[in-house]
Structure formats: C-alpha cells, structure tokens
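Notes for the structure review
Residues per chain are reported as follows:
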Amino acid sequence: MRAYLRHTYNCIDLASIVAFWIAAILSSTGKHESVVRLFEAISTIRFVRLMNLTPGSFAVVQSLKRSAPMLSKVSLYMGYFFLFFATLGVSLFKGAFTRRCVSGATQEETLPERYCGSYMQADKKMPYFVAPDQHTVLQAPKAYACPNGQICMTVGNPDNRLMNFDNIFSSAVQVFIVASAQGWTDIMYIIMDSVSYVSAIYFVACVMLIQLWLVNLFVAVINETFAKMREENDRARALEAPRQTVGLSVKRRARQVWTPVARWGHIQGMQDVWCLLVIVDLFYKVWWKVNPTKSERRNYLVTNLVVTILFDIEILWRMVRAWNRCARPRNAINFLYHMVLLDQRPIGNVADIIIAIADSIMEYGTFSDTQMHRFMYVFASLRTYRLIENFPKSRQLMHSLKGSIPGLLSVILTIGLTIFIGAAVSMQLIGGAVPEYSDDGEFIQMRYDTYPHALLSTYQLFSGADWTDLLWEATGYVQEVSENWIVAIYMCAFYYFTNYILLNMMIALIMDNFETSEKEKRVRQLAVFYASLNRSAARYKRSLVSRWNPYLYLKPSPVLTKAPNLPKSLVFPMRKDYSQAFLLNDGKRAPHHSLDDAYRVGSSVGKLLFGKSVAEQRVVARDPSDPSSGTTAEVLQGISIVDDEAATAWEATRRNFEAVHPTYNKSLFVFSPDSKLRRFCCILDSGHPLSGVAHRLHKWMHYTWLTAGLAATMLSVICLCTDTPIRRKYYIDKGEGDEVDWIFYATLGLAIFTTLEVVVKAIAHGFAIAPHASMKSLWNVIDLVVCVSLYVSLLTLDGGSSATRFVRFLRSLRTMRLIGEFKAARDAFYNVLVSGIPRILVAMWLMFLLLIPCAILAHKMWQNLLYQCSDGGAEGRTDCIGEYFHPDLGILLPRTWSNPYNYNFDTFGYSLSILFTVISNEGWTDVVSDTMAIRGLDLQPSPNYSWWNSLWWVAYIMFATVFVLYVFIGIIVANYTQRTGSAFLTTEQRRWLDLKIQLRAIRPPMMPKSVPKSTIRRWCLDCTVKRNTWYTRLIATAVLANCMVLLATYSSRPVALLYVQHVFQYMAYAVFVLDFFVHMIGLGVKATLRSRNYQMLIFVALIIVLFQFIFTTAGISSLGSVLLLYKFALVSDTLNEMTRVITGGFRPILSLFWVWMVITMIYAFVCVELWGLTRLGPESNAHANFWTFGSAFLTLLRFSYGENWNYLITDLQVSFPNCVVAEHGSYLQTDCGHGFLTYLVFASYNLISMYIFVNVFIGVVTDNFQYCYQSSTSYKLLTRQEIREFRMNWWKFDPQNTGYIPREKYIEFFNSLKPPFSIAIYNDKLTIRSLVKRLKTPAKPSDKVVHPLSYDLNISELQRALNEEDVRQASMNRRLFNRIYQEALLIDDPKHGMGFTQMLIFLARNKMVDPNANFLVEEALRYRDLSDRVDDALREKYVQGLMETVIRRRKFLTAQ
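Note that the structure is predicted; figures quoted are calculated from it, not measured.

Rules and cut-offs
- Residues numbered from 1 in each chain as written.
- Predicted model: local features only at pLDDT ≥ 70, side-chain atom pairs only at ≥ 80, totals over all residues.
- Heavy atoms only, no water.
- Helix = DSSP H or I, 4+ residues; strand = E, 2+ residues; numbered from the N terminus.
- Buried < 20%, exposed > 50% of the residue type's maximum accessible area, 1.4 Å probe, protein only.
- Contact = heavy atoms within 4.5 Å.
- Core = buried A, V, L, I, M, F, W, Y, C linked by side-chain atoms within 4.5 Å.
- Expected span 1.5 Å × (residues − 1).
- Pairing = 2+ DSSP bridges.
- Disulfide = S-S within 2.5 Å.
- 1 Å grid on protein atoms, 1.4 Å probe; cavity = no way out; pocket = protein on both sides within 12 Å on 5 of 7 lines; lining within 4 Å.
- Points joined across faces, edges and corners; volume = space filled by probe spheres on them.
- Nonpolar A, V, L, I, M, F, W, Y, C, P; charged D, E, K, R; others polar.
- Axes fitted to C-alpha atoms, helices over the stretch in contact; angles between N-to-C directions.
- Parallel < 35°, antiparallel > 145°, perpendicular 65-115°, else oblique.
- Patch = residues over 30% accessible without salt bridge, like charges linked within 9 Å, V, L, I, M, F, W, Y side chains within 5 Å.
- Areas by Shrake-Rupley, 256 points an atom, 1.4 Å probe, with all protein chains shown as cover.
- Salt bridge = Lys/Arg side-chain N within 4 Å of Asp/Glu carboxyl O.
- Lys, Arg positive; Asp, Glu negative; His and termini not counted.
- Charge placed at Lys NZ, Arg CZ, Asp CG, Glu CD.
- Polar contact = N/O pair within 3.5 Å; in protein donor to acceptor, adjacent residues only side chain to side chain.
- Phe/Tyr/Trp six-rings, centres within 6.5 Å; stacked < 30°, edge-to-face > 60°.
- Lys NZ or Arg CZ within 6 Å of the ring centre and 35° of its normal.
- pLDDT = per-residue confidence, 0-100.
- Arc of directions from axis to C-beta.

1. Thoughts on the overall build of the chain
Along the chain, the regular secondary structure elements total 61 helices and 15 strands. For the chain, buried positions account for 48% of its 1456 residues. Put simply, 74% of the contacts in the chain that link residues at least 6 apart link residues at least 24 apart.

Structure, rendered in structure tokens:
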C-alpha cells in the first residue's frame, strides 16, 4: 500500500484541514484579517476531490498529469518572457501612471482624465512637474502635452494600486494583462500619452509574441499528449479479441425491410421539400414585427398553421412506416424499437417528434404572447438541424465531430467543477470587499458576497471577458497591500489555468478529431506526391482545353514547307511516338489525339485522388507502413505506368496543337519565343530566358528589376499613408486643393512604372491567351487594376466623390506585391485564404445555422424589454417625461426612453449580431446585467430582478465557445495543416523533420586554428569551452545577481537599497565584461563576434551600460541589465533547449505573420478612406480612431483580439442629426460614419484576422514545435551536452574552421564519434589504445630478438578480452561502418569533403532514424536510389578485394 501523503488528494486534504484550523485560531484573535482570509480560501481546496466525480473528469485530470512535465517547461519558458517584459516595463515606464493633466490655477485633475508627459506654455512644450513648481530634470518634454491653461503634474497612481510599472510585481501584472489580450489597449494608450507614442511597439510585441507563439505551445503539448494516448489505445484495442457482429448484422438486415409506404418517405427530393418548409418557417419567425399590420399577421398565422400541419403529417407518416416495418406481433415495444433504433436516422426521429409536439402545442395552445409561448419558439427553430443534414459538406463535418463530443463534455464538466471550486475560493478571499454600488453610484453586478454572485463573477473570469474590470475592482476595494497582491495572484493564476490549459484542451480535442489515421496518411502522401509530378503540365493542359481559348474555334493554319527538289539521300527525323504508333498499327495511319482525348486521359490520371483508377487501386491495395506489402518504389510503379501513358499522350497533343496554331505561343500575337525583346523581358521578369542557360548577369538584372518593384511598392505605401482625408480636407479648406505637390508626381511615377511592369510581363509571357499569359495569374491581374486606378486617381487626386474612395481602395492593392514577391508569403496566403475558402464557407454556414435558434429565442424573449429611462428614478415609460437634474454635469437633461447604446433584441438581425459578438467574448457582461435587470414591458429595469436570465447566457456562452467558435477554429487549423501537408505526416516523419530543423540550426564551432600556446589564452579557451566549472558557476551567479537587482527595482527606493543594488549591478557588469574579454582572448575576435551565443548582444548591452555613466536619462541605467537577461537562456539547459527548438521553426511563423500584417495594412488604408473624418464617439479617443494610418493600423490590431470592437464600430455608424452632413455630396465635408458598410468591413476583417489568421498560428506552432514535446526515451532531440561534444570533436578534425572535413579524415572521424552518433566497430575496451593500456607489460631485457616495442603484451589476457567480444555484433558494426563510409564518399564534395550540417544530417539519418518509417515519399525514393548505388559500390569493392586476395595468394604460393 502507498503511504498516506504519497497520494495527491490526501496531501490536498491535509493542507485544507491545517489551513482551516489556522484560520479558526487566528480569527479568534480578531487580528490579521488578510491572513485569515487567505487560509480560509486555502481550506476550500478540498473540493478538488470533486474532479473524480465522473470517469470523464478523472480522465481529463490524468491527461493533465501526463502532460504536466512539458506544461511546466512551457510555463517556465513563458515566465522567462514575462520576466523580460516586466523588467523592461519597469525600466522604461516607471512612474508613467502618476502623471495627469491638472488645472494650472487650482491644480485639480481635469475631466475627462488625461495622462500626459508634458504641457504647453506659450506654444512651447514644457516638461512635467514632479511636484508643484518643480520641473523634472531627468526627462525632456515628450508624448501628450496638456493644452494651454493646464499643466502636467505627478499626482500619484490610480486607486487600484496595481495599475503601474513602478515595481516588478505591478509590472508583471500589467504584462500578464497585455498577454491575455484583454484590457491591454487601455494600458497602452496611457503609456502612449505619458511616455511616447513609440511605446505601442512594446505592447504589440508583447501581445503578439505571447498570444500567437507561446500560448499556442500549450495546445501543442496537450495535442501531443492526446496523440500518445490515442496510440496507446490503438495498441490496446489491437490486442483485444475481435468483437461479435452478429447483433449488428441482424439490425442491418432489419433496416433493409422496406415496404411501399417506407419507400415513399425517402423519395429523392423529399428532403429538399422539407428543408424548404423549414426555411419558410424560419423566414416568418425571423422577420416577425412587434406591431404587424392585419395582412402581415394573417399571413404569419396561416403560414405557421400550414407548416405545423405539414410537419405533423410527416411525423404521422413516419409512424405509419415504422408500424408497417414492425415484426409480428405488432405492439408498442416493437413499434418504438423500429421507430427509434432501426430507422436510418433514429436521433432525427426523436428530435422531430419532440419538435412537432412542442410546435403543435404552441400553435394550438391558448397561452399566446406569454413568456412560455416565446420560449417555445426555440423548438421550431431547432429544425435548422435539417439544413445541416441536407447539405453533404455540413453533414460530413458534423458527423466527423461526433468522436470528440464525449471528450468535450468531459472537459466542460472539468471546467464547471473548476469554476465551482474557484467561486468558493474567491468568496472566502474577496467576499464582502466589493460593495454593491461604486463611489459613482453605479451598480456593481459582479461581486463575491454570496455564492451565486461569486459563481457568476468566476465564470466571467474564466471566459476572459473584461476580466481586468474584476481585477481592478477587487484590488481597488481591498485595502491592505498584502491582501491586494494575493487577490491579484489568485485571479491571474485562475485565468492562466482555465484559459491557457483547460480551454486549449478543447482545441486540442477538436484538432485530434480531425487527425488522419496513420495508414491513410501514407496513401495520401503518395497521392499528393503523384499530383505534384505533373502540376505544371496540368496548368498548361487546362489553358489548352479551356472553353475560353479562342484557338479551339479557329481553323488550323499549319506552316507548310515547300521543297521541290529534295535529294534522295535526305533523312527526315521522326518522333518516337509517331513511329511507334505507325508500327503498332501495321502500317495504318497513326491515330489522331484530339483535345478531348487528351483531357480524358488527364482526367483518368487525376482519378488517383477522386476515382478508382488502376494506379489508385495499386496504392490502396498496399500498406506502405507494412514492410511485407512492398516498398515505396514498388507502390509507385502503378503511378508511373499511368503517368507515362498520360504524359506521352498529352505531349503529343500539345505539339500538334502548337503546330496547327503557330501564333498561339506568340506573346501579343507578335513576339515569338526567339524574339530578343521577349527574351529580355523574360530575363527581367523571371531571371532566365525562354531557352538557353541563365547567366549570372541575368540573375542580377532580375534582382535589380525586383528591387525596383519593391521600391515602387514602398513608395505607394508611403503615399497612401500620407494622403489621408484629413490632409486633403486641410488643403482644400486652405484653397490649395488644385496645387500640384509631391504626391501627384509620385503617383505619376508609380503609374508609369506599373505600366512598364504590365508591358514587360505581357511581352514575356503573353497577355491573356498565350500558354503562360500574365493575366492568368491573380497577382498580375491586381497589378493591371492598380495601374488603371493610378491613372484614374491622377484625374481625381483631390476629389471628394465616393468614386474616388473606391479608386483609392484599388490603389491600396499594390501592397499585395509585398506578398506576391516572396514565395513563402505566397504559399501562406494561398494555404490560409484561397485554398481554404470552401471549408471556410462551410464552417460559416454551420456557424450561422447553429446561431439561428439561439438568435430567435433571444429575439422572442427580450424584444422591447431592454428599454430604460435615462433618469434612474423613473418607474417606467409613463414616468419618463420632462427633464431631470444630472448630478455630475450639474445641468438639466431631457428624460429619454431608449435602448442601451449599442445593442438590443428588437429585431432578429440585432439579436444575431449580439450573439455573434458574444462568440468573441466581448460585451456579454453588459448584456447579461441588462437582461438580469428586466422587469417587464415599459418598466424601468431593476438590478437582478430577472436573475435567471444569467443561466441562459452561461449556457449559450459555453455552447458558442465549444460548438461554434472552437469547431470553426478546428476547421481552419485542419484546412491549413492539410494544405501544407503536415496533417498527412506520420509521427515518425514529424520527428525526423523536427530533428532536421534542430540539426540545421547548429553551426560549426568557431575555435582557434590551433591550440593556444600561451597559458593565459589556453586558460581562457578552457573557460569558454568547458562546462560545469567554477567559471560557469561564476557566470550563473552574475546572471542571478543581475536578475535580483532587477526584481528589487521600484520607485521611491531608499538610498541604502539603491546603493546596494548599484554595487551588485556593477559587480555583475564586471563579470559580464570579464566573460566578454575571456571569449575574445580564448576564441579570437572573429570567432567571438560570429558565435551563436549572442556575444554581439553583450557588446551592445555593454555600450548601453556606458551611457549610464555619461547620461542620466531615466530608463537607460537599467536597460543594459534587462537586455542581459538573455543570459538566462544560455545558463539554463531547459531554456536553451526550448529556444533552439522553437526558433528552428520560426520561418513559417514569420511568413504567416507577414501576410497577416500586409492584409491589415490594406484594411487600414480602406478604413482611413471611409472613416478618416468620422467624429469621435463615447468609445473612441485620440488613439482609437481611423484618422491616420498609424492609429488605424493599431486599432485594427486591437480588433484582431476582439478588444471592445463591438463598441467602437457603433461609434463609426454615427449618422444625422448626430453629425454634419455634406451639403454638396463631398465626403470631405462630413464627419458622419456608415451603417451597413461598417458591419461589412469589420465583420470581414474580424473573420480574416481574429478567426482565421490568429487561429492558424495554432496549427503552425503545433506543426513546427511538435517534436519538442516528445518524451520517448528511444527517440529524442539531441541534448545540449551531446551537441557540445560533437562540435568539439569536429574542431579536432577541422581546426582551420573551414566547415568541411576532407575525405582522408573520414575513418578517423567516424571512429572518434560518441553516442548517439557512434559507429565504431569495436567498443572502447577493444580499441588498440585501450588494449595496450590494459595488457602491456615491460619488455624483458634478456630477449634475444630485437623487440619493436618498449613493452610486451599479456597474450592470455588479450585472448580472454577478445573472446568476450560479440563477434556477430562486431561483424554487423563493420558492415555498417563500411556502408556509412561508402555512402559518405558518394554524397560529399570530392574537393572539400563533407560540410558540418550535411554531416550531422547524414549521421542522424543512419543512426537515429529508420528510413522506411521516417522518410517522406520523395526522400525515400532518393534514399533507395542512393542505397542501390552504395550496394553496387560495396559489391564492386568486395569483388576487387576478392580478386586482390586471390592474386596475392598466388604470388605468395609462387614465392614459396
């Protein structure tokens, strides 16, 4: 039996009991209230035992335990970045939250509150005041300047005490908030006002790095854990005995009993009729008005009645069908058995019966216009599931998700238990601290006084919606500083666990459900590989057989050659396919290959992916993962046969087509492939001529042309950023609108250059009809559109019509060239957006159908019930008349009876938009508060009057998060991984690819060319190379001391503490300087500056430290210490390993990020044109607007994370009379917004950015960093020590740092390798040096024979040592050694030898992986070819050795 405290739950029980008694004892004293609260909260953790409530929750906890080691590593790595950003925040933004604008006369804070960094005095910026009449001497005027009449003064931090960067703890809280992407923009805007507008880079970098990169590592860890558990379950299932299928076969036979009545129910097309009825029914329910006319009401009632009757008839018909299928004797049990269990859609039968009964009760009942009647509308709206089932794509998608439903329900239960426990803890910790009403008299909904309040508040904390409001309220009302910190730590920890771990488990479950089986993955790889063989030929084929090819409808005009006098000896060359066809047809005419025949041949080849071609049957019939089923090359034989036949037929057809249509391959019908101008244009566009060999000059010409194109693109971006509506309005108001400025000339130059680009591509490849015409590429079409728009914009550069806005939008498409010019960016754009459109549309259709029932229910329940009077003292609509006194403004205001500012449920459209917004976890807390306050129609709301409405919102948010949002995320990620091919990689192949990424990141050592002779330099080299010495411990101590100095930094420090910190800081700097010079002396200057351990960054950090002694600018003094935190990654093996693995796959992340930013730039240009003059609203401010490109770009990045985007777009819809309308139709004279266009633009951007790009990073991170979570001991990444040993061993054979080892050193190098690359024939004990050391004895002086050595060997001990050797293993090692040596001779460079990276991959391929299991198709084919060459070479050497042995033996015998 296990000891009591070795069980986790027993330890939790003990801690809970001890905490309870400590709290009880301390509470009896009446002191230490904060400590009592803490221990009371700890005593509630005993509820953790509820995690074993169900098998599902227990399985979730067990999976978390299995992934705990790697989760802790990821958490440690994330904590490292938190530390870096927190210390950097203290260094740069210390005291930033204390400065605000105050009245220059009274020194009272102004309203609205505005943070600042300076103030204006006589049109001159002045630095802020640290105290009355005392300017700062450390800072120059910066950031926002208070207007005349106000001054910028230090007045203290906000009331919640934690919103600042004054110490490391408060700074860490701010970094955590920024990393959560909730409430981070408020902090950023304050810093931008108080410090600098450039400070936005800090916050954007923090949220991007942590949200897009580090947080997704949790998904990768959990996904890998699920993959391992799935493999274990598959192995366990394979060992089980096969299940009996007799009962299943009986059921299937029973389902096949059909009668004429049953057949009628499944007539093709009947399901479409029922779906049409569902759509009609939904249409009337959606567009139902509150006060309809008589005709509208009559039509509505008749339609409802007819639809209800028809669906009732359908249910009755199903019952009749089930009754006819009943076996004898017919009774109720057999009827239900056939109706529910044996029907083809049993769940649908049950659902339709319930819906029909509820719909009938609602239609024929006598309780219309009641709350129950409104609630029952949900049953009729649930028929939308038929629309899902009737569409094959959505039906297939929903059925594919069935496998993950049990796991999702288990995770949801675990989340519910976590919220239940968290509510108990928060009630004990914060209960009673937050009042019911704030100081401003506003009702605080989320409190912790009672358990229901604590439960709802904890649910908000879990969802992450405005969770910072909970944090600021709790920490603001808690008076003691120690308790304040405890509350902040608890809330951050709860958010971290629920959002970064539990919610990511849902994403991992859905991603795991979309995984392809291991056997199917190999078949799909073969199919993809085959499809890639003739991809270019397929594009050419499509251009030939396209119905838009005009040459299909023209009469052929072949070029004929006249030869009246031909010599008899002339021999004509004949194509091989013609001669073969002639011979095979016995002298008959060769068959003509038409375009249709060729297209049919190509289609038959394409059936590998979709149909049942011969090649596919051969592929599917074999299992590539089973060695007994044949090799990969044998599997591809079927593909090769069909491929050769199709290629031959298509090549013949293409040549025939071009022969009879000579102008088809002439660009612009003028320039033939031999034209010099066309060859020159091809060189500019692609870097090589149409025929011939590309020279280096051609490449330089191409790169110069590309550089000019990128320069033109950047100039276009600068023009678009500068030429804003505000600028144009400014010049028009000044009367300078007709003057020509630099933007006109820049636009003219861009138009000319873009025209030149279009002409060059048209001459090089043709315009629209040629085989590779430029207009067949989307990127070239965009260039043509931009070219035309530039010329149009020259005519309307300062115009104010709506058409000019559209032209400027077309100009912004030039920015797409930043994607089109880079292959990695093009591939990312295509994989994310273009290829995924069908599945994205299916996902959107599914999302829409799932939201319809919820939107209809919300619309029916709360229409016209959210109205409230602006005067809170009114009882209802009848009292909401006249005027009332506003206490804050001090004036009389008219009473208004209106909905909340940006939401209501009066129409279906508003309801759907609210529910769609709630999916992004934005704004639902205000909606919940308002629905909980509903009292009735035309009655003033009262807080918590209808508290039960919160249950509906809790259920909907969980449903929307799991079954709508995360399903959509799973579809997006699955589509991306399938397009990139990573979804079809087996586990072994992923491991091999990740291992190659790590190996390519390793660089050869930069060491001295010879062992230093100087004692000092040799000592420095030893300190640099060796590890686990006193020197490395000294560096680690300096790193720790530097970190402790940063952690102890805070504002208003005592002078003594500041002195001690400076001492430790300078001591750490001295150690770092010593380390730098030790590297310089030991390795040399060149090797130090080129090393991969960031020595150059140390040099930069030291330069910054020198500025500390010269300048006194705040922030510089500790900036060097912050930058030196990167040394943690060099000292810690865990951080170093994580950094190496993660940065190895950084390239695809950068490509995807680049595409995302370019698309955001285009949207920013569009938004500046549309809302560049729109007035600010309640949610807008000086930073959250679209007046300039910078603010627009930053606001769109804010929208990408859903940061209050629903409130801001309401401000952008301002209309008359709340804005000025243009008198003459010019948009430059109005500050109004747009209505439907606002929803269209921002809904599309949110779909692309927030729902697609942000979530695609999950798939990218998971694919590129999957191997770092492999915990298998038989297959793991190279450790830091193994890499270090290999690099040092390499230096012994490459002392000149050439990066190559010559051939003559291969044998010695291979014998010197250590595990895991060891390929020596004998172990270390049987090497000659080891045997001599063990067995040598001094030579006897009495020996008459002159001894060649100075020692003798103990022959008997030598024989015993040799007898202990495994001869078979030694023979296998020798064969492996010979094979590796011969393979190295075949793949290396005969002149230089083998390079460092090539050698690493070569050894890993032979020692760490299995080529049959780990290689991809193409790599496996190449390796098989290489293996055959190695076998041939070994056989040849064997024969040579055998012949040499025979010859030498004969010579020896002859000599005898």
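Having seen it, we continue.
2. With respect to the nonpolar core
Counting residues in each nonpolar core, the largest one holds 266 residues, and the members touching the most others are Phe-203, Met-491, Met-506, Trp-953, Tyr-956 and Trp-1156. By residue number, the principal contributor to this core is helix α21 (residues 481-513), which donates 19 residues. For Trp-1156, the residues in contact, after removing those within four places along its chain, are Met-208, Leu-212, Ser-1200, Tyr-1201, Tyr-1245, Ser-1249, Phe-1253, Val-1254 and Phe-1257. Among the nonpolar cores identified, the runner-up in size contains 34 residues, and Trp-992, Ile-1283, Leu-1385 and Phe-1415 belong to it.

3. A word on helix α38 (residues 908-919)
Along its 12 residues, α38 runs 17 Å from first to last C-alpha, staying within 8% of the 16 Å computed at 1.5 Å per residue. Those residues of α38 not exposed but buried are Phe-908, Ser-911, Leu-912, Ile-914, Leu-915, Thr-917, Val-918 and Ile-919. Asn-921, located one to two residues past α38, shows a positive phi value of around 60°.

4. As for the sheet that holds strand β6 (residues 145-146)
Strand order in the open sheet made by the 3 strands is β3-β2-β6, with mixed pairing throughout. Each having just a single partner strand, β3 (125-127) and β6 make up the two edges of the open sheet. In terms of strand pairing, strand β2 (residues 118-120) meets β6 through 2 bridges, oriented parallel. Each residue of the ladder has a partner; that of Ser-118, found in β6, is Ala-145.

5. Observations regarding the state of the cysteines
Inspection of the entire model under this criterion finds 4 disulfides. Note on cysteine connectivity: Cys-869 is disulfide-linked to Cys-880, with sulfurs 2.2 Å apart. When the S-S torsion is 85°, as for the bridge of Cys-869 with Cys-880, the disulfide is right-handed. A residue pair is termed long-range when its members are at least 10 positions apart, and Cys-869 in strand β8 (residues 868-869) and Cys-880 in the loop between β8 and β9 (883-886) qualify at 11 residues. Owing to a relative accessible area of 5%, Cys-869 belongs among the buried residues under this scheme. Exposure remark for Cys-880: the relative accessible area of 8% places this residue in the buried category. The connectivity of the disulfide bonds within the chain can be written as 1-3, 2-4, 5-6, 7-8, using the sequence rank of each bonded cysteine.

6. Description of empty space enclosed by the protein
The final tally for this structure, using the stated rule, is 14 cavities of 30 Å³ or more. As a volume, the largest cavity reaches approximately 690 Å³. Considering the residues around the largest cavity, the lining is formed by 31 residues, among which Gln-211, Asn-921, Leu-965, Tyr-966 and Asn-1255 are closest to the centre. At the level of elements, α7 (200-239), α19 (451-463), α21, α40 (949-980) and α53 (1236-1264) are the ones that each hand at least two residues to the lining of the largest cavity. Ranked by the residues each element gives to the lining of the largest cavity, the list is headed by α21, at 6 residues. Its residues placed into classes, the lining of the largest cavity shows 18 nonpolar, 13 polar and no charged.

7. Details of the packing of helix α36 (residues 823-834) against helix α50 (residues 1146-1171)
One way to put it is that α36 packs onto α50 with a least axis distance of 8 Å and a crossing angle of 75°. As the angle between them shows, α36 and α50 are arranged roughly perpendicular. Along its contact with α36, which presents Ala-824, Ala-825, Ala-828, Phe-829, Val-832 and Leu-833, the element α50 presents Ser-1151, Leu-1152, Trp-1154, Val-1155 and Ile-1159. The residue inventory of the contact of α36 with α50, partitioned by class, reads 10 nonpolar, 1 polar and no charged.

8. A few points about a nonpolar patch on the surface
Together, Val-302, Leu-305, Val-306, Ile-309, Leu-310 and Ile-313 make up an exposed nonpolar region whose accessible area comes to about 440 Å². By the secondary structure assignment, Leu-310 is in helix α11 (residues 294-325).

9. Observations concerning a negative patch on the surface
A cluster of acidic residues, Asp-439, Asp-440, Glu-442 and Asp-888, forms a negative patch on the protein surface. Along the chain, Asp-439 falls in the loop between α18 (405-430) and α19.

10. A closer look at the side chain of Asn-1185
Looking at where Asn-1185 falls in the secondary structure, it is placed in the loop between α50 and α51 (1189-1200). Within polar-contact distance, the side chain of Asn-1185 engages the backbone nitrogen of Trp-1187 at 3.0 Å. When neighbours within four sequence positions are excluded, Asn-1185 is seen to be in contact with Leu-1176, Ser-1191, Ala-1192 and Thr-1195.

11. Concerning unusual backbone geometry
The residue after Phe-1216, namely Pro-1217, is reached through a cis peptide bond having omega 15°. Here the bond from Pro-1315 into Pro-1316 is cis, since omega is 10°, no more than 30 degrees from zero. Structurally, the position occupied by Pro-1316 is in the loop between α55 (1306-1311) and α56 (1328-1335). Despite not being glycine, Asn-864 has its phi angle at roughly 65°, a positive value. In this structure, Asn-864 sits in the loop between α37 (837-862) and β8.

12. A word on the packing of aromatic side chains
All told, the structure shown has 71 aromatic pairs when counted by the stated rule. Seen in terms of ring centroids, Phe-218 and Tyr-500 are 6.1 Å apart; in terms of plane orientation they differ by 20°. Their pairing is stacked. Here Tyr-500 lies in helix α21 and Phe-218 lies in helix α7, a separation of 282 residues in the sequence. Of the two residues, Phe-218 and Tyr-500, both sit in the buried class. Taken together, Phe-1286, Trp-1290, Phe-1293, Tyr-1306, Phe-1309, Phe-1310, Phe-1317, Phe-1377, Phe-1396 and Phe-1402 form an aromatic cluster joined through their ring pairs. Cation over ring: Arg-99 sits above Tyr-128, and NZ or CZ is 4.3 Å from the ring centre. Above the face of the Phe-311 ring, Arg-383 is positioned so that its terminal group lies 4.0 Å from the ring centre.

13. Considerations on the pairing of β9
Both β9 and strand β10 (residues 891-894) contribute to a ladder of 4 bridges, which runs antiparallel. The residue bridging Glu-883 from the neighbouring strand is Pro-894, located in β10. Here β9 hands over to β10 after 4 residues, with Gly-890 in that stretch at a positive phi of 75°.

14. Brief notes about the confidence of the model for the chain
The predicted coordinates should not be examined in detail at positions where pLDDT is low. Looking at the chain as a whole, its pLDDT mean stands at 77, while 79% of the residues score no less than 70. The model gives residues 241-268 a pLDDT under 50, and that stretch makes 26 contacts with residues more than four places away or in other chains. Scored below 50 in pLDDT, residues 1110-1115 makes 5 contacts in the model with residues more than four places away or belonging to other chains.

15. Brief notes about helix α31 (residues 725-733)
Those residues of α31 lying buried are Pro-725, Arg-727 and Arg-728. Axial view of α31: buried residues confined to an arc of 160°, hence all on one face. Looking at the residues trailing α31, positive phi occurs at Gly-735, about 85°.

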